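Now for the letters of each chain:
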Amino acid sequence: MPPSAGPDLYLLVHSHGIALLDALTDWRARLKSGGATDPRYGAAYQGWYAAGVFPRMPFEVAGLGAGRLRRIVAWVISAGALLPPLVTRVAGAPGKTTLEASREYDEVLRAWRGATPVVSMLFGNEHVRATLNVWPPYDFLEPSQPAVAPGLPLVDEGFIDAQIDEWVSLVYFPLAMLKQLAPNPLAHVLPPPPRERPEAARHLEKLHDEIARYGFAPAWLRLKWYRRYCRKLAERLQSIGCAVIEPPAQACSGEGLLREEFADGLSHGNQAYGALTAARIEEWARSAPA
Amino acid sequence: MSTPYDSLPPERFWRASAAAPDAAAVGFDCGRKFGFAAADRFATAGSCFAQHFSRHLAARGARIVAAEERHPLVPEASGHGYGVFSTRSGNLYTARHLRELLEQALGARAPLVECVRRPDGRWVDLLRPRAVPMGFASEEHVAADRRFHLHAVRRMLEEMDVLVFTLGLTEAWENAEGGYCYPVVPGAVAGEFSAQRHRFVNYGVGAVLADLRRVAELVEGVNRRARLLLTVSPVALAATAEPRSVMVSSSASKSILRAAVDELVRALPIADYFPSYEIVTGPYARGRYWAEGAREVTEEGVAVVMEVFVRSRMPGLAQGTAPVAAAPPSHEDGARRLQAFLDAECDELFLDPATRPTQGA
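The structure presented is a predicted model; accordingly, all values stated were derived computationally and were not measured.

**Focus on the overall build of chain B**
Turning to step 1, where the next piece is worked out: For chain B, the helix and strand inventory stands at 10 helices and 10 strands.
Turning to step 2, where the next piece is worked out: A sequence separation of at least 24 residues applies to 72% of the contacts in chain B between residues at least 6 apart.

**Describing the overall build of chain A**
Turning to step 1, where the next piece is worked out: Counting its regular elements, chain A contains 8 helices and 10 strands.
Turning to step 2, where the next piece is worked out: In chain A, once contacts between residues fewer than 6 apart in sequence are set aside, the share between residues at least 24 apart is 75%.

**Comments concerning the interface of chain B and chain A**
Turning to step 1, where the next piece is worked out: Taken residue by residue, the interface counts 14 residues in chain B and 14 residues in chain A.
Turning to step 2, where the next piece is worked out: Residue classes in the side of chain B that touches chain A are distributed as 7 nonpolar, 4 polar and 3 charged.

**What to know about the environment of B:Ile64**
All names here are of chain B.
Turning to step 1, where the next piece is worked out: Looking at the element boundaries, Ile64 is found in strand 2 (residues 63-64).
Turning to step 2, where the next piece is worked out: On the basis of neighbour count, Ile64 is assigned to the partly exposed category, with 18 C-beta atoms found within 10 Å.
Turning to step 3, where the next piece is worked out: In this structure the C-alpha to C-alpha distance between Ile64 and Ala50, which are 14 residues apart in sequence, comes to 13 Å.
Turning to step 4, where the next piece is worked out: With residues up to four places along the chain from it excluded, the contact list for Ile64 reads Phe42, Thr44, Ser54, Leu57, Ala58 and Ser86.

**Observations regarding the nonpolar core**
Grouped burial of nonpolar side chains is what soluble globular proteins tend to show.
Turning to step 1, where the next piece is worked out: The biggest cluster of nonpolar side chains holds 163 residues, and the ones touching the most others in it are A:Leu11, A:Ala74, B:Val153, B:Leu163 and B:Leu228.
Turning to step 2, where the next piece is worked out: Here this core takes 9 residues from helix 5 (residues 157-181) of chain A, the largest share from any one element.
Turning to step 3, where the next piece is worked out: If we ignore the near neighbours within four places in the chain, the residues touching B:Leu163 are B:Ala43, B:Ala45, B:Val219, B:Ala226 and B:Leu228.

**Considering the sheet that holds strand 9 (residues 227-232) of chain B**
Residues and elements named next belong to chain B.
Turning to step 1, where the next piece is worked out: Spatially, the 5 strands line up as an open sheet ordered 2-1-5-9-10, and their pairing is parallel. Strands at the two margins of the open sheet, each flanked by one partner only, are strand 2 and strand 10 (271-273).
Turning to step 2, where the next piece is worked out: Two strands pair when backbone bridges link them, and strand 9 and strand 10 are joined in this way by 3 bridges, in the parallel orientation. What sits directly across from Leu230, in strand 10, is Tyr273.

**A short note on the sheet that holds strand 2 (residues 59-62) of chain A**
Residue and element names in this part refer to chain A.
Turning to step 1, where the next piece is worked out: Taken in spatial order, the 6 strands line up as 2-3-1-6-7-8 in an open sheet, and their pairing is mixed. The open sheet is flanked by strand 2 and strand 8 (243-245), the only strands paired with a single partner. Within this sheet the neighbouring strands show an average axis-to-axis angle of 25 degrees, counted without direction.
Turning to step 2, where the next piece is worked out: Sheet analysis places strand 6 (residues 118-121) next to strand 7 (residues 186-189), joined by 3 bridges and oriented parallel. By the bridge assignment, Val119 is partnered in strand 7 with Ala187.

**Re helix 7 (residues 246-267) of chain B**
Side chains three or four residues apart in an α-helix point the same way, a direct result of the helix having 3.6 residues per turn.
Residues and elements named next belong to chain B.
Turning to step 1, where the next piece is worked out: With 22 residues, helix 7 extends 31 Å from end C-alpha to end C-alpha; this agrees with the ideal 32 Å at 1.5 Å per step.
Turning to step 2, where the next piece is worked out: For helix 7, the full list of buried residues reads Ser249, Ser253, Lys254, Ile256, Leu257, Ala260, Val261 and Leu264. Each buried residue of helix 7 lies within a common arc of 155 degrees when the element is viewed along its axis, so the set occupies one face. For helix 7, the exposed residues set more than 90 degrees away from the buried face come down to Met247, Val248 and Arg266.
Turning to step 3, where the next piece is worked out: Its buried side turned inward, helix 7 meets strand 5 (162-167), strand 6 (171-175), helix 6 (205-222), strand 9, strand 10 and helix 8 (276-281).

**With respect to unusual backbone geometry**
Turning to step 1, where the next piece is worked out: The backbone of A:Phe123 shows a phi angle near 50 degrees, a positive value even though the residue is not glycine.
Turning to step 2, where the next piece is worked out: Inspection of the secondary structure assignment puts A:Phe123 in the loop between strand 6 and helix 4 (127-130).
Turning to step 3, where the next piece is worked out: We classify A:Phe123 as buried; it has 21 C-beta atoms within 10 Å.
Turning to step 4, where the next piece is worked out: Its identity as a non-glycine residue notwithstanding, B:Ala294 has a phi of 55 degrees, on the positive side.

**Quick word on the pairing of strand 4 (residues 87-91) of chain A**
Residue and element names in this part refer to chain A.
Turning to step 1, where the next piece is worked out: Pairing of strand 4 with strand 5 (residues 97-101), which is carried by 5 bridges, proceeds in the antiparallel orientation. Across the sheet, Arg89 pairs through a bridge with Leu99, a residue of strand 5.
Turning to step 2, where the next piece is worked out: Once strand 4 ends, the chain turns through 5 residues before running back antiparallel as strand 5, passing Gly95 with a positive phi of about 80 degrees.

**Details of the pairing of strand 6 of chain A**
All names here are of chain A.
Turning to step 1, where the next piece is worked out: Neither face of strand 6 is open: one carries Val118 and Ser120, the other Val119 and Met121, and all of them are buried.
Turning to step 2, where the next piece is worked out: The pairing of strand 1 (residues 9-13) with strand 6 spans 4 bridges and is parallel. Of the residues in strand 6, the one forming a bridge with Tyr10 is Val118.

**Remarks on the confidence of the model for chain B**
All names here are of chain B.
Turning to step 1, where the next piece is worked out: Model confidence for chain B is summarised by a mean pLDDT of 89, while 88% of its residues fall at 70 or above.
Turning to step 2, where the next piece is worked out: The model gives residues 322-344 a pLDDT under 50, and that stretch makes 18 contacts with residues more than four places away or in other chains.
Turning to step 3, where the next piece is worked out: Predicted as a complex, the structure gets a pTM of 0.87 and an ipTM equal to 0.85.

**So, helix 9 (residues 299-313) of chain B**
Residue and element names in this part refer to chain B.
Turning to step 1, where the next piece is worked out: Helix length check: helix 9, at 15 residues, gives a terminal C-alpha distance of 21 Å against a target of 21 Å (1.5 Å per residue), a fit within 8%.
Turning to step 2, where the next piece is worked out: Every buried residue of helix 9 is accounted for by Gly301, Val302, Val304, Val305, Met306, Val308, Phe309 and Val310.
Turning to step 3, where the next piece is worked out: Tucked inside the fold, the buried residues of helix 9 contact helix 2 (23-26), helix 3 (48-59) and helix 8.

**Structural notes on the packing of helix 5 of chain A against helix 7 (residues 219-239) of chain A**
Residue and element names in this part refer to chain A.
Turning to step 1, where the next piece is worked out: Packing of helix 5 against helix 7 brings their axes to within 9 Å, and their N-to-C directions diverge by 40 degrees. Classified by the interaxial angle, the pair formed by helix 5 and helix 7 is oblique. Considering how the two elements wind past one another, helix 5 and helix 7 form a crossing that is right-handed. In this structure, helix 5 contributes Ile160, Asp161, Ile164, Trp167, Val168, Val171, Tyr172 and Leu175 to the contact, and helix 7 contributes Arg228, Tyr229, Lys232, Leu233, Arg236 and Leu237.
Turning to step 2, where the next piece is worked out: Split by residue class, the contact of helix 5 with helix 7 holds 10 nonpolar, no polar and 4 charged.

**Considering the environment of A:Ala275**
Turning to step 1, where the next piece is worked out: Looking at the element boundaries, A:Ala275 is found in helix 8 (residues 271-287).
Turning to step 2, where the next piece is worked out: Spatially, the C-alpha atom of A:Ala275 lies 29 Å from that of A:Glu104, the residues being 171 residues apart in sequence.

**Here's the deal with the packing of helix 1 (residues 17-24) of chain A against helix 8 of chain A**
Residues and elements named next belong to chain A.
Turning to step 1, where the next piece is worked out: Between helix 1 and helix 8, whose axes approach to 7 Å, the crossing angle comes to 80 degrees. Considered as vectors, helix 1 and helix 8 are oriented roughly perpendicular to each other. Residues Ala19, Leu20, Asp22, Ala23 and Leu24 of helix 1 touch helix 8, and the partners they reach there are Gln271, Tyr273, Gly274, Ala275, Thr277 and Ala278.

Each value, and the rule that gives it
Residues numbered from 1 in each chain as written. Chains lettered and ligands numbered in written order. Predicted model: local features only at pLDDT ≥ 70, side-chain atom pairs only at ≥ 80, totals over all residues. Helix = DSSP H or I, 4+ residues; strand = E, 2+ residues; numbered from the N terminus. Contact = placed C-beta atoms within 7 Å. Nonpolar A, V, L, I, M, F, W, Y, C, P; charged D, E, K, R; others polar. Buried ≥ 20, exposed ≤ 12 C-beta atoms within 10 Å, placed from the backbone. Core = buried A, V, L, I, M, F, W, Y, C linked by C-beta atoms within 7 Å. Pairing = 2+ DSSP bridges. Axes fitted to C-alpha atoms, helices over the stretch in contact; angles between N-to-C directions. Expected span 1.5 Å × (residues − 1). Arc of directions from axis to C-beta. pLDDT = per-residue confidence, 0-100. Parallel < 35°, antiparallel > 145°, perpendicular 65-115°, else oblique. Left-handed = near helix turned anticlockwise from the far one by under 90°.

Rendered as structure tokens:
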């Protein structure tokens, strides 16, 4: 590919994209992100929450490995960038909702319009709050994990979905807007599954107080929330022609949890996880329709 | 000349009883076997009248076993059905239905699952079709929730000190193949009636007594300290499948229930009877506790029943704290409250086409 050609990949990411960027790109060297160290966050997140580490708008980084993704443009939507929501839902005719892109998102999408694949790693941490042991014991039905814990009340899946739909919408609407404004091949990377042993996490991110108070829900329940979230999200994204990239199987235990050696903090993957994810993205980008 | 009656107290004589200033002074419950302590845990089940009993007991501070409770993830105003009885059993009108439920809960019978889809797409458990007004999300949910319900019934039996069961009917419909009974005929609340699959039964004294004996046996088997407090619902039949007047069928049903309970109470030390039926329907009341339609009992009637109960059985419990606003209601408020009160999840209203609510709402 000649150097004058456009980038090989656009990345539209929140925090789950950091492990990928670490594995795939030279972003730390480029941005000199030594940012303030915060013991609440894992190594991948030093500077993540510090204002000004990432540019407000997309920036270009170089691919590190031998893969074909050499020129990458990443838009890391960090808390410090103080960006408005990418998309706002506006009530229209009865029963109709229209989407309005923020000025920044609109600007980016117009610049990105073309054949270069776009990979999203937006949001994906929301299920962590549901997996703290906040509630009295319960279970719910999820077809991908049909076992039901004996002796526990079942919460109607409609109430579970009311929560999950909100989380799904966070990802769905920005990507639906992207599909409206740009013809690029689009994929969303599902977040890593719940960690095998969250109690072993050294970095508790923002949940230190809640964890101390409630502890963690059982692994099977954490996994059930995660699976339902991923299933619902995948269904909606596929309905608008967005590919869905699943977590790498090598990083998951037989039960489906994130193996400890791939975990960073409570809910994120580490650089090794990012490398496996990068391979999956490369594979998808190779086969993505131009 | 003297007779054995000469030394009896006034409540044994009609004239003295009828002259009592109020129901509590009549001595309706003077034949009681046992009273209850404030620490006793009450489990409640039965017909729609039992809902009032449960509500008033709770309002007066009695301890009600709640083996199935609303989970915080379930919104309060979602039609979840929790809090009506100790479990989400819905109305259990017949002794047979209670027996079958306990047999399933205690493993003496395989769990029964029969469900149908409502017009709105939600699913209904035909063995408790109005217990969960919002219905279930799927057939699998019905089955899974039924397993939990049976688990909860067992827990209720283990934890309770008293099971208050109000018998309502002798008429019922059974699944001919499975040999189990429904709380209300299929087709009335949900599902479809089939003359081949569903058969009418009207349990006689012997059958009701046998069912109650089996209930007592099952309860004793799982909880040696538990007692049974039986009442008969004063609420008349809404409809009869017998080829005779509903008034006659109602009298027959209540008589059968009353006779069977009397037999049981005479035979079993753990069983006792509380005369809410007599308090409401007896001549002393002069019909004053009937709501419009002469079938349902007014809130005043329920309050009197509970007053007699508390004075007789739990004198330490709070008095006169029935869950009714003290201020005189406006006509509109009163009508609305009365309607809500009468709409005490009574499946039987579905039998009469004139009072049948729309299905699948």
